[in-house]
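Understanding the architecture of this molecule
Residue strings, one per chain:
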Amino acid sequence: MEDISTGATLTGLELRWFLEMRRCWNADISVYRDFVARYDALISEPAETAKDNTLAVHHRQLGNRAYLEKRFVDALWQYNRSICFAENLSEHLGIGYANRSAIYYEIEEYEFALYNIDLARKNHYPERLLPKLVAREANCKERIAGGHSKGTVPHSFLDINVEVNPKIPFLAKGIGMKRYEKMGRGLVAERDFNIGDVILDEKSELCFVSFGRSFFSCCHCGSMFEKSLIPCPSCVAVMYCGEKCREDDFRTNHRFECCVITKLWSVTANNMMAMARLFFYGLTAFNDNVTEMMKYCMANAAVGSNPLELDLTNPNPLDVFKVLHQFKPNPEQDNSNLDHGLKLHAATYYSIFMKNPLVQSIFRTKAQRNFMLRCLLIHGRVAKSLLLNQGNESEGCQGIFSPIASLLNHSCDPNVTAQIDSGSIKVIVLRPIRKGDQICTSCASAWWDENGGTKFDFQCMCVVCDQGPEGAKWRKARNKVRSISRKAARELENIALGCLETHELLMMQRMVQTLVRDGHYPGELFGEAMLDYYNTLYDVLRSENAKLNRAKALKCVPDSV
């Protein structure tokens, strides 16, 4: 898997399609399957990459160089690759963990340093190097005992702080689902909500991480866990935040990917692999019973669903799969170019997965294999509409399926933010929401973050982008010149003066509340305050989750302090 270029093989297939098959644009998916089969040699390369201590040493040396230059993020990435390549039962696995502990010590993440020291000991760290590790362990314990930890006890600022739905205990009571003419289904407020209300705290049900990001994020829940991950024991491509996620992911998805993962990465672009992960998640929920899955899925594809009708006090994966599978895409967002890409990806994934003996043993008949092919396409359409994306960062992208958060529609003038971090999605109110309002987040940049740039693979239907009378009315309000009242000026001054006694997040919430009440929404001053509030939310959430992760790491270490 060295220097793999994700999507490169598919680019070659797309070129051949254009040259040979452009008259068959958006043909039945069986035509795409037959086309991919003719070029099977393209997707048979590269050969699957196995554990290899030579590559483990190579990446560790690159990590060492980055470490000496204090490029700690680059060093962690290389050490994680080294850990993935290290052969089971070899000392190179333990050395990789020990090297990670040195980085965590340098950046004063002492709990994670101890966690990695423990992993090194459990994974054949050589006796000859043990004194160095023991000394680092003692120093970590001394630093923690001396009060130099960055914290393991979070505040409760971003816990759900309103009454919850009795059947969906991670969702606020008073939120329903409604179909909107242009946007399809969405969340609607059935009561008023205030700035700072945390109305959803949902664990990710299923996720996808791209190559590169897979060395920084758990392949099962999406948590980065401070980049302190453990590898799949069989392949060299995915990592996890702990044993439970590793076991759960293998049971639901990775058993189908593991022996063909190099080929999958060679054709995977963006979040397209989410279609396959949703399909195999469903297969597992049906206990690998293809007959029962076929009976249900072909009769219930795109019939529409309401996840708010589920009882999620103890979530049943089969129920979750069914509401995702039943999702009816919004016809307003139909796109023939997008559907062509989905068909080519589905056909290519089908061909690769059929090289896995496990998949061959489950999908034995022609009808079962046709079902798999067509269901992959169905789930590609679902993924394109429902997958919650967490940035396209330099190290890759991540997408998350969650039945409730997936109901949120996009607006360039959002009234909530959906923050994805540490394997969960928190939805926090940005500005007052009144009964009857649609609850919307922003999938890209909001109007008040004009430097962020806006890129959509769909036609935005929000009021900011509307070219009709509603959009004109909003833009007139946006451009209105406003002066701040004396009362609001005094309040803002008092809030600022009290900032030393008030947590920054609460201070920002009060500032936004004051500006809304004074009629500054959606003016320039409100936009400046909203950007500050949004950035503060982002920082606080990650700080609080970092504390939880330190506590989790410390809990894994016997006699840590």
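Look up: the structure comes first, before these words.
Worth saying up front: this structure is predicted, and the values here are computed from it rather than measured.

1. Some details on the overall build of the chain
A count of helical and extended segments in the chain gives 20 helices and 14 strands. Against the compact-globule benchmark of 24 Å for 561 residues, the chain has a radius of gyration of 25 Å, which places it among compact chains. Across its three principal directions, the C-alpha atoms of the chain cover 70 × 65 × 45 Å. Pairs at least 24 residues apart make up 72% of the contacts formed inside the chain by residues separated by at least 6 positions.

2. Observations concerning the pattern of salt bridges
A full pass over the atoms with the stated rule returns 26 salt bridges. Lys263 is paired through a salt bridge with Glu48; the nearest N and O atoms lie 3.3 Å apart. Separated by 215 residues along the polypeptide, Lys263 in helix 10 (residues 261-267) and Glu48 in the loop between helix 3 (40-43) and helix 4 (53-68) bring together distant segments of the chain. Lys263 gets classed as buried once you look at its relative accessible area, which sits at 11%. A salt bridge links Lys150 to Glu109; the shortest N-O distance between them is 3.9 Å. One end of the pair, Lys150, is in the loop between helix 8 (130-145) and strand 1 (164-165); the other, Glu109, is in the loop between helix 6 (91-106) and helix 7 (110-122), with 41 residues separating them in the sequence. Judged by its relative accessible area of 5%, Glu109 is buried.

3. Quick notes on the sheet that holds strand 3 (residues 175-180)
Strand pairing in a sheet relies on backbone hydrogen bonds. The paired strands run either parallel or antiparallel. If you trace the four strands from one edge of the open sheet to the other, you get 3-4-14-11, paired in mixed fashion. In this open sheet, the two edge strands, each paired with only one partner strand, are strand 3 and strand 11 (409-410). Relative to strand 4 (residues 184-189), strand 3 is paired through six bridges, and the arrangement is antiparallel. By the bridge assignment, Met177 is partnered in strand 4 with Leu187.

4. Notes on helix 5 (residues 72-85)
End to end, helix 5 covers 20 Å across 14 residues, agreeing with the expected 20 Å (1.5 Å per residue, within 8%). Counting buried positions along helix 5 yields eleven of 14 residues, so the element is predominantly enclosed. By the burial criterion, the buried members of helix 5 are Phe72, Ala75, Leu76, Gln78, Tyr79, Asn80, Arg81, Ser82, Ile83, Cys84 and Phe85. Each element contacted by the buried residues of helix 5 is listed here: helix 4, helix 6, strand 7 (230-231) and strand 8 (239-240).

5. Focus: the environment of Val260
With respect to the helices, strands and loops of the structure, Val260 is situated in the loop between helix 9 (243-257) and helix 10. Look at Val260 and you get buried, because its relative accessible area is 3%. Taking the C-alpha atoms as reference points, Val260 and Ser44, separated by 216 residues in sequence, lie 9.6 Å from one another. Apart from the residues lying within four places of it in its own chain, the contact partners of Val260 are Glu48, Ile352, Phe353, Lys355 and Asn356.

6. A few points about the side chain of His325
Within the secondary structure, His325 sits in helix 13 (residues 317-325). The buried category is assigned to His325, whose relative accessible area is 0%. Looking at His325, its side chain comes within polar contact range of the side chain of His379, at 2.9 Å. Those residues within four positions of His325 in sequence are excluded, and the remaining contacts are Tyr296, Cys297, Asn300, Ala301, Ala302, Cys375, Ile378, His379 and Val382.

7. Section: the nonpolar core
Among the nonpolar cores identified, the biggest contains 142 residues, and Phe353, Met372 and Phe401 are the most heavily contacted of them. The element that contributes the greatest number of residues to this core is helix 16 (residues 366-386), accounting for nine residues. Setting aside residues up to four positions removed in sequence, Phe401 forms contacts with Ser204, Glu205, Leu206, Ala274, Leu278, Leu324, Val382, Ala383, Leu386, Leu387 and Ser406.

8. Structural notes on the packing of aromatic side chains
Considering all chains together, one arrives at 23 aromatic pairs under this definition. Summarising the aromatic geometry, the rings of Phe286 and Tyr296 are spaced 6.1 Å apart at their centres and angled 40 degrees between planes, so their arrangement reads as tilted. Linking Phe286 in the loop between helix 11 (274-285) and helix 12 (290-300) with Tyr296 in helix 12, this pair joins segments that are ten residues apart in sequence. Residues Phe286 and Tyr296 agree in their burial class; the two are buried. Among the aromatic side chains, those forming a connected cluster through ring pairs are Phe256, Phe279, Phe280, Phe353, Phe363 and Phe371. Positioned above the aromatic ring of Phe216, the side-chain terminus of Lys227 is 5.0 Å from the ring centre. For the cation-ring pair, Lys322 lies above Tyr296, with the distance from its terminal atom to the ring centre recorded as 4.8 Å.

9. A word on empty space enclosed by the protein
On inspection of all chains with the given rule, the structure shows three cavities of 30 Å³ or more. By volume, the largest cavity amounts to about 80 Å³. Every residue along the wall of the largest cavity is listed here: Phe208, Val209, Cys219, Val238, Glu257, Ile261, Leu264, Trp265, Thr268, Met273 and Arg277. At the level of elements, strand 6 (206-209) and helix 10 are the ones that each hand at least two residues to the lining of the largest cavity.

10. Observations concerning the packing of helix 6 against helix 8
How two helices pack is summed up by the angle between their axes together with the distance between the axes. It is the contact of helix 6 with helix 8, at a shortest axis distance of 11 Å, that shows an interaxial angle of 35 degrees. In the packing of helix 6 onto helix 8, the handedness of the crossing is left-handed. Residues Ala98, Ser101, Ala102 and Tyr105 of helix 6 form the contact with helix 8, whose participating residues are Leu133, Arg136, Asn139, Cys140 and Arg143.

11. Digging into the packing of helix 9 against helix 11
For the pair helix 9 and helix 11, the least separation of the axes is 9 Å and the interaxial angle reads 125 degrees. Looking at the two axes, helix 9 sits oblique to helix 11. Crossing of helix 9 against helix 11: the hand is right-handed. Between helix 9, through Asp249, Arg251, Thr252, Asn253, His254, Arg255, Phe256 and Glu257, and helix 11, the contact on the second element is made entirely by Ala276, Arg277, Phe280, Tyr281, Leu283 and Thr284. Looking at side-chain class alone, the contact of helix 9 with helix 11 contains five nonpolar, four polar and five charged residues.

About the criteria used
Residues numbered from 1 in each chain as written. Predicted model: local features only at pLDDT ≥ 70, side-chain atom pairs only at ≥ 80, totals over all residues. Heavy atoms only, no water. Helix = DSSP H or I, 4+ residues; strand = E, 2+ residues; numbered from the N terminus. Rg over C-alpha atoms; globule rule 2.2 N^0.38 Å. Contact = heavy atoms within 4.5 Å. Salt bridge = Lys/Arg side-chain N within 4 Å of Asp/Glu carboxyl O. Buried < 20%, exposed > 50% of the residue type's maximum accessible area, 1.4 Å probe, protein only. Pairing = 2+ DSSP bridges. Expected span 1.5 Å × (residues − 1). Polar contact = N/O pair within 3.5 Å; in protein donor to acceptor, adjacent residues only side chain to side chain. Core = buried A, V, L, I, M, F, W, Y, C linked by side-chain atoms within 4.5 Å. Phe/Tyr/Trp six-rings, centres within 6.5 Å; stacked < 30°, edge-to-face > 60°. Lys NZ or Arg CZ within 6 Å of the ring centre and 35° of its normal. 1 Å grid on protein atoms, 1.4 Å probe; cavity = no way out; pocket = protein on both sides within 12 Å on 5 of 7 lines; lining within 4 Å. Points joined across faces, edges and corners; volume = space filled by probe spheres on them. Axes fitted to C-alpha atoms, helices over the stretch in contact; angles between N-to-C directions. Left-handed = near helix turned anticlockwise from the far one by under 90°. Parallel < 35°, antiparallel > 145°, perpendicular 65-115°, else oblique. Nonpolar A, V, L, I, M, F, W, Y, C, P; charged D, E, K, R; others polar.

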